[in-house]
Protein chains: 4
Amino acid sequence: MSLNRFAYLGPEATFTEAALLSFLDSRNLRAEATTHPMRNAPSALDAVLEGDCDAAVVPIENSLEGGVPATIDALTENGRLQIIAEVVVPVRFVLAVKPGTTREEISSFGSHPHGEAQVRAFMNENFPEAVYLPTSSTAAAARDLANDAGDHMAAACPALAAQRYGLEIVAEDIGDRKDAVTRFVVVTRPGPLPAPTGADKTTIVAALRSDRAGSLLELLEQFSSRGINMSRIESRPTGDGLGLYQFSIDLLGHIHEARMAEALQGVHRAALKLHFLGSYPSSDGAVVPIDPTTTDESFAAAADWLERTLEG
Amino acid sequence: MSLNRFAYLGPEATFTEAALLSFLDSRNLRAEATTHPMRNAPSALDAVLEGDCDAAVVPIENSLEGGVPATIDALTENGRLQIIAEVVVPVRFVLAVKPGTTREEISSFGSHPHGEAQVRAFMNENFPEAVYLPTSSTAAAARDLANDAGDHMAAACPALAAQRYGLEIVAEDIGDRKDAVTRFVVVTRPGPLPAPTGADKTTIVAALRSDRAGSLLELLEQFSSRGINMSRIESRPTGDGLGLYQFSIDLLGHIHEARMAEALQGVHRAALKLHFLGSYPSSDGAVVPIDPTTTDESFAAAADWLERTLEG
Amino acid sequence: MSLNRFAYLGPEATFTEAALLSFLDSRNLRAEATTHPMRNAPSALDAVLEGDCDAAVVPIENSLEGGVPATIDALTENGRLQIIAEVVVPVRFVLAVKPGTTREEISSFGSHPHGEAQVRAFMNENFPEAVYLPTSSTAAAARDLANDAGDHMAAACPALAAQRYGLEIVAEDIGDRKDAVTRFVVVTRPGPLPAPTGADKTTIVAALRSDRAGSLLELLEQFSSRGINMSRIESRPTGDGLGLYQFSIDLLGHIHEARMAEALQGVHRAALKLHFLGSYPSSDGAVVPIDPTTTDESFAAAADWLERTLEG
Amino acid sequence: MSLNRFAYLGPEATFTEAALLSFLDSRNLRAEATTHPMRNAPSALDAVLEGDCDAAVVPIENSLEGGVPATIDALTENGRLQIIAEVVVPVRFVLAVKPGTTREEISSFGSHPHGEAQVRAFMNENFPEAVYLPTSSTAAAARDLANDAGDHMAAACPALAAQRYGLEIVAEDIGDRKDAVTRFVVVTRPGPLPAPTGADKTTIVAALRSDRAGSLLELLEQFSSRGINMSRIESRPTGDGLGLYQFSIDLLGHIHEARMAEALQGVHRAALKLHFLGSYPSSDGAVVPIDPTTTDESFAAAADWLERTLEG
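Values in this document were obtained by computation on a predicted structure and should not be read as measured data.

## Quick notes on the overall build of chain A
- Helix and strand content of chain A: nine helices and 15 strands.
- By principal-axis analysis of the C-alpha atoms, chain A measures approximately 85 × 45 × 35 Å.
- Every one of the 312 residues in chain A was classed for burial, and the buried ones make up 51%.
- Counting contacts in chain A only where the partners sit at least 6 residues apart, residues at least 24 apart contribute 74% of the total.

Below, the structure is given as structure tokens:
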């Protein structure tokens, strides 16, 4: 499957585009790729589903805000899309101005309200007089500043936006939480799975059969009994009533591994509904430790034993 | 503790005010109570915390959208507030007009985008020509219509809003999901707990010690091993990095019951952090079934046995 | 495999021979079968292993005394024998005399010490003057009485022994525990497994990897997580030190069922050692209930799902 | 409670007396103690129960043979006895003769059949011509040899027996399994429990409520959920039918520890029947590791939290 046309959650020059560019560079695809900002995550996924694009990049999880419901729900409802990669991007803001603006001239600044919340401490300390003016995205603050389309004298925006719109950076990394990151996924139509690397994640959505505590416990035991760890779990309502959930879960391992294949079959039996959204290399490349009793070799030895036993 | 001054998530005449009025009626408090719409859930809770109000009513969970993160996070961060009751309100929209407007004149309608999403099928079928115009809340659609403050000719709003602003109801219960409900909680400063009724809920927030699958499993086993069921579980990031969660959980039972007291002590030992947010009567009055091995009598008999055994 | 020559734990006319005859009748094998009493259970099993007999009948479990270690250990050590059937025999004693002996003449009685323990209450009440004289087996009490080989005037023995040696029964079912039963297994060399009947048992021996509590728990979870129940569990030392065990376990179900096959593979991975001793019809014919999530159909559907998912 | 009169499983000079003497030495009680060999374990326990003796020493577990059912059942049935100490004794045999007997004269040897089984390899290799003659105990082989009461020319017996009866040791430690040990318990009437030492064991017998696999699992989870490990588990039939068990269990820890107290109360609720047989120092003095979430401090902090929470 050739990957040329990329949809992403727009507008341009946000952290999502930064994630997309990071992905393109990591695969040496930047030269031939075209990129297409979309209005929201469902639209970006629809563009892939309908064949207008080959892949979409959308945020799935933020270390401060939690899961991104729009992405999780859209992936679940579509059901026929596949995650082939993840990209984790640090959420770092810069304070940028039009070239030539002096610090003293910064009497106001623009950003998306989420962005403003993260740079508030910095601005209060360093530019206590600067008035905040909301913009529709952090990138829009930079674009409008460049185009003289707003009243703000500075933008709290991603470095990519400052660079894209020819602004000058006054201060770097001005967010309160230096370790804040957002995780994005690269989504395609179904196709061959990325090969296992030993450092993989598997993403599923599973709906419980009942609202009893034991039901979630039973689901989790499918993983723990095969030594499989989770790196994310998000509850989402099924829409069928209070207390009825489905869970969006990231697991460490690849569906080509025997322990994962058996666990997912166990979930298929126990759950009301199971969506497999992909097995793909984890962005940090951390090799997943495997207990000796759940290696592929251990599963193969058990299968051999069973075969010999059944032969008598 | 006298309950006179009630803060709630405003504006007026939304489903939150409907929940508040329902609560006041159930306690015969409507005559003497004053009600105070607040800008957002944290503000409503702050009003209680600072003593400006005696209680706040805020939405915590919607059967279509899931948990309300702003409420859950605000309750968790405050840590010193207590849920004393829950109210479940059906999410039913009416189509309302100024008295005298004919059906043929409904060329446009106003609502909050969330409201519009839920009445879209009805409007498409019955008023295919009516243009949608967004308003800042479902109640605002009614208010602006009454005040001639908008361009819309009808409002998709709660019955309470239609009534409050003197509108005429054209159609009732026009939402797509007839069973949609929102659950609200009534929150006060800490004080004596509501007495157990046999049909109670307990709300907690617990942060896991690690991001391992076993960690959530261990938490849930504190409940399942004492026969305690959950009616809600929501994951929320701790803000300290991807994959680190705390869970907002509703349990069936009251902290004055021995099995709940022991389970919560177990969570206190196993979890990184535990916030108790209250034990209160469940709105549906459904008596919680208790396994014979986890009744208060069974706990008392075991404690007697231990005492006799230690005496030798 | 033709079954003609049967070894059994001797001597003749004990409950073990009764079990053997019951098995032969149930299979219409009595006409052509030869039966061979052996000195002890290991000898009976050896006769099969070495080809001198086709099958052996040995006691495995008694409702009063518990498991029969000699049988369990011999089956485990052999490792290459297979249980093809079980027979449960009520442990009922009669009081028998030489024809013509009157009740008044019963001044003494013989039995194996185990037998005497079970008829003590009856004898004390009905023959308080009768002195107990030990014999090497309950059947020997009858045989010696018939042959005038002992000093006892009556025998507390199985009905089979009274009949075999031409004695007259004075009183029936004289044991204290009317519901006492012994369970026997019919053992052959490895061969085709008995076909599943829906009412089957599977017998295994599994040695734990460590002496930690969690180790036994992990073993049992292999069964509980697939909805498999146990009907017997016996701990046996491995001989390698205090606290190191292997467990002899009867499970409800057949290895040809998917849930059992998967559970046993799980045990194979988790345990230090696993011996499969057979899947065979249970003597009571009680159909094993299966949870809808662990039927063969449910496993097949999950396997299909996996295959489709891997194809992309 | 003064400990002067000790019953033990006789006869004299067996490993049981060796265990008793080891216990007396460890407590500096040898001078004033009287020791009383009893016919069997139940008799030794009865002597304590009836006040004829202050304590009894009986074997409970052998590393080769497993649990000692007579002891376990007698302790369970009595229900009113208490284990205050354990003693582990190596099972080491010597070959002993009357002084002056030469190796060439050893044409036969006596021992209990269990003893013979353990020295068979040694005797076959070193005295291939020596005929085995059974005796009623390993000590009796020595006593009879000294008294010229048997036909054997040597005894395979405990060193204690050789010494007691003035024999000469020809070869030491002649058993096949050099690591074989037997564990004995010292039992008294109920009284104050031995104080916790940090290296303690607790012995219980618990009968399950049903024969379902989940029932044993539930029992074990009472321990695993509080981080408590087992060092022994033995299944014993309840006598009420095949498949109905009670379990004799040794746990690491003391009932004065909060985690053990809570776990035992949990067992009391979940089990059909619970006998507490004692908390006592383990003979190896190995300090029991405790997870930070189950220390007494952790339990106390949770109890404090609960109290503060209930106060509001």
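## Describing the environment of A171 of chain B
- Along the chain, the position of A171 of chain B falls in strand β10 (residues 168–171).
- Among all residues touching A171 of chain B, those that are not within four sequence positions of it are V94 and L95 of chain B.

## Side note on the interface of chain C and chain D
- On the chain D side, the residues contacting the 33 residues of chain C number 32 residues.
- Of all the elements in the fold, those that place two or more residues in the side of chain C that touches chain D are β11 (181–188), α7 (213–224) and β13 (230–237) of chain C.
- Top element by residues in the side of chain C that touches chain D is β13 of chain C. It accounts for eight residues.
- Looking at the side of chain C that touches chain D, its residues break down into 14 nonpolar, ten polar and nine charged.

## Concerning the arrangement of the chains
- Taking C-alpha atoms only, the smallest gap left between chain B and chain C, which are not in contact, amounts to 14 Å.
- Regarding chain A and chain D, which are not in contact, the minimum distance between any of their C-alpha atoms is 14 Å.

## Re the packing of helix α9 (residues 296–311) of chain B against helix α8 (residues 258–270) of chain D
- The N-to-C vectors of α9 of chain B and α8 of chain D enclose an angle of 125 degrees; their axes lie 9 Å apart at closest approach. Taken together, the axes of α9 of chain B and α8 of chain D are oblique relative to one another. In the crossing of α9 of chain B with α8 of chain D, the sense of the turn from one axis to the other is right-handed. Taken together, the residues of α8 of chain D that come into contact with α9 of chain B (itself represented by S298, F299, A302, A303, W305 and L306 of chain B) are A261, L264, Q265, H268 and R269 of chain D.

## Considering the relation of the copies chain C and chain D
- Note on the identical chains: chain C maps onto chain D by a rotation of 180 degrees and an axial translation of 0.1 Å, with an RMSD of 0.1 Å. Between the two chains, the operation in question is that of a two-fold axis.
- A shared interface surface links the copies, since 94% of the contact residues of chain C are contact residues in chain D too.

## Re the interface of chain C and chain A
- With 25 residues of chain C at the interface, the matching set in chain A holds 25 residues.
- For the side of chain C that touches chain A, the secondary-structure elements that each account for two or more residues are α8 (258–270) and α9 (296–311) of chain C.
- Looking at which element gives the most residues to the side of chain C that touches chain A, the answer is α9 of chain C, with eight residues.
- Class assignment for the residues of the side of chain C that touches chain A results in 14 nonpolar, nine polar and two charged.

## Here's the deal with the nonpolar core
- Counting 192 residues, the largest nonpolar core has A56 and A142 of chain C together with A56 and A142 of chain D as its most contacted members.
- Top element by residues in this core is α8 of chain C. It accounts for seven residues.
- Sequence-distant contacts of A142 of chain D, defined by excluding residues within four places in its chain, comprise A13, A96, A155, C157, A161, A162, Y165 and L167 of chain D.
- The next biggest cluster of nonpolar side chains, apart from the first, holds 187 residues, and it includes A13, F23, V58 and F109 of chain A.

## Here's the deal with the UniProt feature "site: Essential for prephenate dehydratase activity" (unreviewed entry) in chain A
Residue and element names in this part refer to chain A.
- Cross-referencing UniProt, the feature "site: Essential for prephenate dehydratase activity" (unreviewed entry) maps to T182 in the present numbering.
- Residue placement: T182 occurs in strand β11 (residues 181–188).
- Classification of T182 as buried rests on a count of 23 C-beta atoms within 10 Å.

## Side note on the pairing of strand β6 (residues 93–97) of chain D
Residue and element names in this part refer to chain D.
- Judged by how many residues are buried, β6 sits mostly within the fold: five of five residues are covered.
- Relative to strand β9 (residues 155–158), β6 is paired through four bridges, and the arrangement is antiparallel. From the neighbouring strand, V94 faces β9, where its bridge partner is C157.
- Pairing geometry for β6 and strand β10 (residues 168–171), over three bridges, is antiparallel. Pairing of V97 across the sheet is with E168, part of β10.

## Thoughts on the sheet that holds strand β12 (residues 200–207) of chain C
Residues and elements named next belong to chain C.
- As summarised here, the arrangement of the four strands in space is β13-β14-β12-β15, forming an open sheet in which the pairing is antiparallel. Edge positions in the sheet fall to β13 and β15 (273–281), since each has one partner strand and no second. Within this sheet the neighbouring strands show an average axis-to-axis angle of 15 degrees, counted without direction.
- When β12 meets strand β14 (residues 245–252), the two strands line up antiparallel, connected through seven bridges. Residue pairing across strands places K201 opposite L252, the latter belonging to β14.

## Describing the domain arrangement of chain A
- The domain architecture assigned to chain A consists of domain 1 (1–91 + 180–192), domain 2 (93–171) and domain 3 (193–312).
- The C-alpha centroid of domain 3 of chain A is placed 45 Å from the C-alpha centroid of domain 2 of chain A.

## Regarding unusual backbone geometry
- Residue P11 of chain A is reached from G10 of chain A by a cis peptide bond, and omega for that bond is 5 degrees.
- Backbone geometry at D173 of chain B places phi at a positive 50 degrees, although glycine is not the residue there.
- With respect to the element layout, D173 of chain B can be found in the loop between β10 and β11 (181–188).

## Observations concerning helix α5 (residues 138–146) of chain D
Residues and elements named next belong to chain D.
- The buried fraction of α5 is high, at seven of nine residues.
- Those residues of α5 that sit buried are T138, A139, A140, A141, A142, R143 and L145.
- The elements touched by buried residues of α5 are β6, β7 (108–111), α4 (113–126), β9 and α6 (159–164).
- Looking at the residues trailing α5, positive phi occurs at D148, about 55 degrees.

## Focus on the sheet that holds strand β15 (residues 273–281) of chain D
All names here are of chain D.
- Overall, antiparallel pairing links the four strands, which are arranged β13-β14-β12-β15 in an open sheet. Each of the sheet's edge strands pairs with one partner strand only, and the pair in question is β13 (230–237) and β15. Pairwise comparison of adjacent strand axes, ignoring direction, gives a mean angle of 15 degrees for this sheet.
- In this sheet, β15 lies alongside strand β12 (residues 200–207) in antiparallel orientation, the contact comprising eight bridges. Residue pairing across strands places T203 opposite G278, the latter belonging to β15.
- Its contacts with the sheet put α8 on β12, β14 (245–252) and β15, and the angle it makes with β15 is roughly 160 degrees.

## Brief notes about α9 of chain B
- Between its first and last C-alpha, α9 of chain B extends 23 Å over 16 residues, near the 22 Å set by a 1.5 Å rise per residue.
- Within the span of α9 of chain B, buried status applies to S298, F299, A302 and T309 of chain B. Looking straight down α9 of chain B, one finds that the buried residues subtend no more than 100 degrees of arc, so they occupy a single side. Opposite the packed face of α9 of chain B, turned more than 90 degrees from it, sit the exposed residues E297, A300, D304, E307, R308 and E311 of chain B.
- Elements that come into contact with the buried residues of α9 of chain B comprise α8 (258–270) of chain B together with α8 and β15 of chain D.

## Focus on the confidence of the model for chain A
Residues and elements named next belong to chain A.
- Of all residues in chain A, 97% attain a pLDDT of 70 or more, and the chain-wide mean is 91.
- For chain A, per-element mean pLDDT is lowest for strand β4 (residues 66–67), which scores 78, and highest for strand β6 (residues 93–97), which scores 97.
- Reported confidence for the predicted complex is 0.88 by ipTM and 0.86 by pTM.

Rules used in this analysis
- Residues numbered from 1 in each chain as written.
- Chains lettered and ligands numbered in written order.
- Predicted model: local features only at pLDDT ≥ 70, side-chain atom pairs only at ≥ 80, totals over all residues.
- Helix = DSSP H or I, 4+ residues; strand = E, 2+ residues; numbered from the N terminus.
- Buried ≥ 20, exposed ≤ 12 C-beta atoms within 10 Å, placed from the backbone.
- Contact = placed C-beta atoms within 7 Å.
- Nonpolar A, V, L, I, M, F, W, Y, C, P; charged D, E, K, R; others polar.
- Axes fitted to C-alpha atoms, helices over the stretch in contact; angles between N-to-C directions.
- Parallel < 35°, antiparallel > 145°, perpendicular 65-115°, else oblique.
- Left-handed = near helix turned anticlockwise from the far one by under 90°.
- Least-squares fit on C-alpha atoms with pLDDT ≥ 70 in both.
- Core = buried A, V, L, I, M, F, W, Y, C linked by C-beta atoms within 7 Å.
- UniProt positions renumbered as here; feature names shortened; annotations may be inferred.
- Pairing = 2+ DSSP bridges.
- Domains from an automatic or database assignment.
- Expected span 1.5 Å × (residues − 1).
- Arc of directions from axis to C-beta.
- pLDDT = per-residue confidence, 0-100.

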